[in-house]
Amino acid sequence: MNFPYLSRYQPVLLSLFRFITGLLLFQYGMTKLFHIPQVAMFANPPPLIWTAGLIELVLGAALMLGLFTRLSAFVLSGEMAFAYFLGHVFHISKEGPPVFLPLLNGGTAAILFCFACLYLAAAGGGAVSVDALMGKESEATSGAFARR
């Protein structure tokens, strides 16, 4: 089934998607670094988790604003892939065999964030972003195929 009437909202919905993705990543950074809100698993984070929180805080805020969207999203995508494999599949803090199934290893959110950010790295920030105000994004989202 096709919904052609939604296509006119695509640039604004892309911006909303970017903002919500950034907000969700920003909240992970807040809880890992400042314990707001307090989450038991991030009560005493090791340096690697603290560094991940710093990346999520800063680049999540950049995503919310739509500032350097493509670069921020690309770095966050890589961080989430790294988090999935190190934190969920291979359990760097636990012993035992690797668990690849996301439903069993708790890595569903990491995978979803990885691919959401990869999409944003390709699509850009959308119509409502600092990048658009600075002229770094065109209405066609300046994708690779838009410049033929």
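- As annotated in an unreviewed UniProt entry, the chain is LuxR family transcriptional regulator from Bradyrhizobium guangdongense.
- On record in UniProt, under Subcellular location (unreviewed entry), the comment for the chain is "Cell membrane".
- The record held by UniProt for the chain lists under Sequence similarities (unreviewed entry) the comment "Belongs to the DoxX family."

1. Focus: the side chain of S129
Part 1 of the reasoning: Mapped onto the fold, S129 is located in the loop between α5 (108–123) and α6 (130–133).
Part 2 of the reasoning: Only 3.1 Å separates the side chain of S129 from the backbone oxygen of G126, close enough to count as a polar contact.
Part 3 of the reasoning: If sequence neighbours within four positions are ignored, S129 has contacts with R18, L65 and G66.

2. Overview of the packing of helix α1 (residues 10–34) against helix α2 (residues 47–65)
Part 1 of the reasoning: Put simply, α1 and α2 touch, their axes get as near as 7 Å, and they point 150° apart. Accordingly, the angle class assigned to the pair α1 and α2 is roughly antiparallel. In terms of crossing hand, the pair formed by α1 and α2 is left-handed.
Part 2 of the reasoning: In terms of residue class, the contact of α1 with α2 is made up of 17 nonpolar, five polar and three charged.

3. Regarding the layout of surface pockets
Part 1 of the reasoning: Roughly 840 Å³ of internal volume is contained in the largest pocket.
Part 2 of the reasoning: As for the largest pocket, its lining consists of 29 residues, and the residues nearest its centre are F42, I49, A83, G87 and H88.
Part 3 of the reasoning: Of all the elements in the fold, those that place two or more residues in the lining of the largest pocket are α1, α2, α3 (69–89) and α5.
Part 4 of the reasoning: Of the residues assigned to the lining of the largest pocket, the class counts are 18 nonpolar, seven polar and four charged.

Reading the values: the criteria
- Residues numbered from 1 in each chain as written.
- Predicted model: local features only at pLDDT ≥ 70, side-chain atom pairs only at ≥ 80, totals over all residues.
- Heavy atoms only, no water.
- UniProt positions renumbered as here; feature names shortened; annotations may be inferred.
- Helix = DSSP H or I, 4+ residues; strand = E, 2+ residues; numbered from the N terminus.
- Polar contact = N/O pair within 3.5 Å; in protein donor to acceptor, adjacent residues only side chain to side chain.
- Contact = heavy atoms within 4.5 Å.
- Axes fitted to C-alpha atoms, helices over the stretch in contact; angles between N-to-C directions.
- Parallel < 35°, antiparallel > 145°, perpendicular 65-115°, else oblique.
- Left-handed = near helix turned anticlockwise from the far one by under 90°.
- Nonpolar A, V, L, I, M, F, W, Y, C, P; charged D, E, K, R; others polar.
- 1 Å grid on protein atoms, 1.4 Å probe; cavity = no way out; pocket = protein on both sides within 12 Å on 5 of 7 lines; lining within 4 Å.
- Points joined across faces, edges and corners; volume = space filled by probe spheres on them.

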